[in-house]
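# Structural overview
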Amino acid sequence: MKIALLCSGGDAPGMNCAIRAVVRTAIYHGHTVLGIKRGYAGLLRGEFQKMDLSSVGNIIQRGGTVLQTSRSPEWMKPEFRTKGAEILRAQDVDGLIVIGGDGSFNGANALSQEHGFPVIGIPGTIDNDISGTEYTIGFDTAVQTAIEAIDRIRDTAHSHARTFLVEVMGRNSAAIALKVGVCTGAENVLLPHDKVPLQKIVDDIQRGVARGKDSSIIVVAEGPVAGRSYSIQKELKERHQLDAHVCILGHIQRGGSPTSNDRFIASQMGSLAVEAIASGATGKVTVVQKGLVTLEDLSKCILKNDGGYTEFKGLAEKLSI
Ligand code: F6P
């Protein structure tokens, strides 16, 4: 078989581990892999390259993606997907593996539905917000990076008896903020769609000060537009005369060497994706369910989930009193 492979949407640590597993498993079974550069945009420009064992050597520990990635507004339009299907068929491609998030899966699903083209998805996004799977590649590394950063911020916050608003990535997903909030002992976690409880933040800080606490970390989920910590900082100052420093972790969380969890799950998913497509499966995604890597219907993985909001919000609240 000839299998094409691309990454799409925001990069995530561990994507290289999945790429490596796809290429190695395919070659092990005697298949050919064509890597597509820069996602769907590169597909439309015919940026294909044959991948061999050496093209995935020495990448397992590297963040980012050696295939590079992009967000492609063109792929949202049916006429470009028609062109894409023609390009894939002209290259004699038998099936396409897409590593990305819900937007990338919507694009893959449309290609499969409209053109009957065989596709398999591998979930890769630091946001851990894809329905149908408990895990997306990159989440563990992004959380670990944010925890390490906040531990450092805690050192200086303690030394100066300061309050910090630390904004973490995740757009509308609560996943990174909740896990990081619990793991760093944050005094408050502000989630994407919750109304900001300014008075509660102030009361919590004052209660902490009264019992001898000399620093406060408030983890702020990014929400739809990055930078909302600055308006929270302004309101805390103007309405409550409370000084808070802002630190936005931003894209630091998207880079870096993947953790063992990301490496291992990505390796399993990459391998399973090849074996699925080679056995004739299509319209599937490699997922984690009940802790095991398995396959789920692509149509069940094209929506976002709540990023652990229902499951972990209560825990974060109980532990931050
Ligand atoms: O979806 C992954 C993510 O890192 C989000 O957490 C973040 O809001 C967004 O991508 C940032 O996208 P970009 O790198 O295109 O600015």
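Up top is the structure these notes are about.
### Observations regarding the nonpolar core
When a protein is soluble and globular, its nonpolar side chains tend to lie buried together. In terms of nonpolar packing, the biggest core is built from 59 residues, with Ile 19, Ile 97, Val 180 and Val 219 touching the most fellow members. Of the residues forming this core, the biggest block, nine residues, is contributed by helix α5 (residues 139–160). Two domains share this core, each providing at least three of its residues, namely domain 1 (2–138 + 258–303) and domain 2 (140–254). Excluding its chain neighbours within four sequence positions, the residues that come into contact with Ile 19 are Leu 5, Cys 7, Met 51, Val 56, Thr 65, Val 66, Leu 67 and Ile 99. Within the second largest apolar cluster, 26 residues are counted, among which are Trp 75, Ala 85, Leu 96 and Leu 111.

### A short note on the sheet that holds strand β1 (residues 2–7)
Ordered by their spatial adjacency, seven strands build an open sheet running β3-β2-β1-β4-β5-β10-β11, and the pairing between neighbours is mixed. Because the sheet does not close on itself, it has two edges, and the strands there are β3 (48–51) and β11 (292–297). Going across the sheet, the axis of each strand differs from the next one's by a mean of 30°, ignoring polarity. With five bridges joining them, strand β4 (residues 95–100) and strand β5 (residues 119–123) adopt parallel strand pairing. Counted as the bridge partner of Ile 97 is Ile 120 from β5.

### Brief notes about the pairing of β4
Of all six residues that make up β4, six are buried, and the element is covered over most of its length. Side chains Gly 95, Ile 97 and Ile 99 project from β4 onto one buried face, and the interleaved Leu 96, Val 98 and Gly 100 project onto a second face that is buried too. The sheet contact formed by β1 and β4 spans five bridges and is parallel. Across the sheet, the residue bridging to Ile 3 is Gly 95, located in β4. Taken together, β4, helix α4 (residues 102–115) and β5 constitute a β-α-β crossover, and its handedness is right-handed.

### Notes on the sheet that holds strand β8 (residues 216–221)
In a beta sheet, neighbouring strands are held together by backbone hydrogen bonds and run either parallel or antiparallel to one another. Strand order in this open sheet of four strands is β7-β8-β6-β9, and the pairing throughout is parallel. Of all strands in the sheet, those with a lone pairing partner are β7 (188–190) and β9 (245–248), marking the two edges. The average angle at which neighbouring strand axes cross in this sheet is 20°, direction not considered. Where β7 meets β8, three bridges bridge the pair, whose relative direction is parallel. Residue pairing for β8: Val 189 is matched across the bridge by Val 219.

### Observations regarding unusual backbone geometry
Positive phi is not limited to glycine here, since Asn 58 has a value of about 60°. Looking at the element boundaries, Asn 58 is found in the loop between β3 and α3 (78–90). Overall, the relative accessible area of 60% leaves Asn 58 in the exposed class. Here the phi dihedral of Arg 171 falls at roughly 45°; this positive angle occurs in a residue that is not glycine.

### Description of the packing of α5 against helix α6 (residues 175–184)
Following both chains from N to C, one finds α5 and α6 inclined at 45°, their axes separated by 9 Å at the closest point. Accordingly, the angle class assigned to the pair α5 and α6 is oblique. Of the two possible hands of crossing, α5 and α6 adopt the one that is right-handed. Contacts between α5 and α6 pair Phe 139, Ala 142, Val 143, Ala 146, Ile 147, Ile 150, Asp 151 and Arg 154 from the former with Ala 175, Ile 176, Lys 179, Val 180, Cys 183 and Thr 184 from the latter.

Conventions used here
Residues numbered from 1 in each chain as written. Predicted model: local features only at pLDDT ≥ 70, side-chain atom pairs only at ≥ 80, totals over all residues. Heavy atoms only, no water. Core = buried A, V, L, I, M, F, W, Y, C linked by side-chain atoms within 4.5 Å. Buried < 20%, exposed > 50% of the residue type's maximum accessible area, 1.4 Å probe, protein only. Helix = DSSP H or I, 4+ residues; strand = E, 2+ residues; numbered from the N terminus. Domains from an automatic or database assignment. Contact = heavy atoms within 4.5 Å. Pairing = 2+ DSSP bridges. Axes fitted to C-alpha atoms, helices over the stretch in contact; angles between N-to-C directions. Right-handed = clockwise from strand over helix to strand, strands pointing away. Parallel < 35°, antiparallel > 145°, perpendicular 65-115°, else oblique. Left-handed = near helix turned anticlockwise from the far one by under 90°.

Just geometry here; none of it tells us what the structure is for.
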